[in-house]
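Below, each chain spelled out in residue letters.
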2 protein chains.
Amino acid sequence: MQEHTVKAFDEDIVKLRGLISEMGGRAEAAIDHAMAALTRHDLDAASRIIAEDKRIDELEAAVEKLAVQIIALRAPLADDLREVVAALKIAAVIERIGDYAKNIAKRVPLIGRQHQIEALSVLPAMAQLASDMLHDVLDAFAARDWEAAIEVNKRDRAVDDFYNSLFRTLLTFMMENPATIGEAAHLLFIAKNLERIGDHATNVAEMVYFAAKGVHMAERERGDDVTEAQ
Amino acid sequence: MQEHTVKAFDEDIVKLRGLISEMGGRAEAAIDHAMAALTRHDLDAASRIIAEDKRIDELEAAVEKLAVQIIALRAPLADDLREVVAALKIAAVIERIGDYAKNIAKRVPLIGRQHQIEALSVLPAMAQLASDMLHDVLDAFAARDWEAAIEVNKRDRAVDDFYNSLFRTLLTFMMENPATIGEAAHLLFIAKNLERIGDHATNVAEMVYFAAKGVHMAERERGDDVTEAQ
């Protein structure tokens, strides 16, 4: 590439990273706020989270537009092209994570204030793990740090363990308290959403690894998929 | 574009459509086979579906590679660029649909042979609706037929109705038969997976519409999102 093209490309990449970073920040906040709304039964906060998800969708569209523009106009090669494609794919994953947070917010009105369900105290801790994974994997993307990406992947096991434990707890609770089966089912879906957020963070980790190294992450470094069937 | 470039672009697009069409066919088959495996408690068939999902993932990678190549080398404009980007996004959605089918297959061993649960007779009909939506929206993509895409969207309402009805049926069943709550919870997740497949078919419909018209589908023509909170 000629010098001015290189400079233009670098500027575009900085913009692209900025968009991804803003998306990531919003998705993280959406997860945290959704859990706060759930534990406080705060319907207004839940509505705000649902409304603000539109902004994440718009940012994804902006990433897509810019990435396609970069590929078409700057014709990046090898490492650079991989990074642009990674940005495109990571944006799509963050949009999904935003949807999971929105989905949790939508269940807030369906779960009562009683807080008698043990899950309500475990879910926020699980959400924190998933939200931290998202945060750290996006830092890894920004720093092109494939080693950090592998570290994030290892943490998915803890999210899965939370999920498996909650699945059993909630089922036992349902059996013992048939009257609250509806609420417990919603909590089960919320746990599943959080487990999926952890999975998606590992997908991003694999994209970061591939963008940085040009080869796919080895099977053993990927998150073990030990919960999908529950 | 010069004539030879136009021809090369047309050939690339044909290849791209071919890949999408193969992906779609495989995802549809995966849904149908997963439901057959579920109703027959066929563990071998379930394992095959899980193994074959890899092929859908590989096809998505092939679509991505070809789409990026087309954008970089052929520098398509307007309608053509929109179609290539749509293919890229549609491939990602089909991959997700494949994952949902795989997820259903993974639950097959967890649901007994007894078939005493009413849901087991309703789920295949719901799956058929969702799988038909996927089929028809991919036909609409191949034909650049935005009117057909709108028609597909309208059908998501029926899938949502199935889901809402199953949600209630399964919860009632759980209350009356606490001993089978585990199985019923898995059926609930399967119903949710099918409902999400319907949603994703409507996402594809919106992409087909945008690719063909260059503007986004009007809100009223989108599928009503009436189930996300359940």
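As recorded by an unreviewed UniProt entry, chain A carries the name Phosphate-specific transport system accessory protein PhoU and is attributed to Sphingomonas changnyeongensis. The Subunit (unreviewed entry) comment attached to chain A in UniProt states, word for word, "Homodimer." Regarding chain A, the relevant UniProt record gives this comment under Subcellular location (unreviewed entry): "Cytoplasm".

A. Geometry of the packing of aromatic side chains. In total, this model carries five aromatic pairs over all chains according to the counting rule given. Their ring planes at 85° and their centres at 5.7 Å tell us that A:W146 and A:Y209 sit as a pair that is edge-to-face. Here A:W146, found in helix α5 (residues 146–154), pairs with A:Y209, found in helix α7 (residues 181–213); they are 63 residues apart in sequence, far enough to count as distant. Judged by its relative accessible area of 8%, A:Y209 is buried. Judged by centre distance (6.1 Å) and plane angle (45°), the rings of B:Y163 and B:F167 are tilted. Taken together, the positions of B:Y163 and B:F167, both in helix α6 (residues 156–176) and four residues apart, correspond to about one turn of that helix. Each member of the pair, B:Y163 as well as B:F167, carries the same accessibility label: buried. The residue whose ring lies beneath A:K213 is A:W146, and the NZ or CZ to ring-centre distance is 3.7 Å.

B. Structural context of the interface of chain B and chain A. Between chain B and chain A, the residue contacts involve 32 residues of the former and 33 residues of the latter. Across the chain B to chain A interface the summed buried area is about 3000 Å²; carbon plus sulfur atoms make up 65%. For the pair chain B and chain A, the interface holds two salt bridges. Residues A:E64 and B:K89 are paired through a salt bridge, measuring 2.3 Å at the closest nitrogen-oxygen approach.

C. How the structure looks around the pattern of salt bridges. Residues and elements named next belong to chain A. Taken as a whole and judged by the stated rule, the model has 34 salt bridges over all chains. When the shortest N-O distance is used, the salt bridge between R196 and D199 registers 2.9 Å. Taken together, the residues span about one helical turn, with R196 and D199 both in helix α7 at a distance of three residues. Comparing R196 with D199, the two get one shared label, buried. Shared partners join several salt bridges into a network, and the residues in it are R17, D80, E83 and R144.

D. Representation of the UniProt feature "domain: PhoU" (unreviewed entry) in chain A in the model. The UniProt record marks residues 20–108 and 125–208 of chain A with the feature "domain: PhoU" (unreviewed entry), using the residue numbering of this structure. Secondary structure across residues 125–208 of chain A divides into 90% helix and 0% strand, with the first and last C-alpha atoms of the span separated by 26 Å.

E. Molecular detail of α7(A). An ideal rise of 1.5 Å per residue puts 48 Å on 33 residues; α7(A) measures up with 48 Å between its terminal C-alpha atoms. Looking at the residues trailing α7(A), positive phi occurs at A:G214, about 80°.

F. Up close: the relation of the copies chain B and chain A. When chain B is fitted onto chain A, the two copies agree to an RMSD of 0.0 Å after a turn of 180° and an axial shift of 0.0 Å. This pairing of chains is accounted for by a two-fold axis. Minimal C-alpha distance to the rotation axis in chain B is attained by B:A72, lying at 2.5 Å. Mapped onto chain A, 100% of the interface residues of chain B are again interface residues, and the two copies thus contact each other with one and the same surface.

Conventions we followed
- Residues numbered from 1 in each chain as written.
- Chains lettered and ligands numbered in written order.
- Predicted model: local features only at pLDDT ≥ 70, side-chain atom pairs only at ≥ 80, totals over all residues.
- Heavy atoms only, no water.
- UniProt positions renumbered as here; feature names shortened; annotations may be inferred.
- Phe/Tyr/Trp six-rings, centres within 6.5 Å; stacked < 30°, edge-to-face > 60°.
- Helix = DSSP H or I, 4+ residues; strand = E, 2+ residues; numbered from the N terminus.
- Buried < 20%, exposed > 50% of the residue type's maximum accessible area, 1.4 Å probe, protein only.
- Lys NZ or Arg CZ within 6 Å of the ring centre and 35° of its normal.
- Contact = heavy atoms within 4.5 Å.
- Buried area = accessible area lost by both parts, 1.4 Å probe.
- Salt bridge = Lys/Arg side-chain N within 4 Å of Asp/Glu carboxyl O.
- Expected span 1.5 Å × (residues − 1).
- Least-squares fit on C-alpha atoms with pLDDT ≥ 70 in both.

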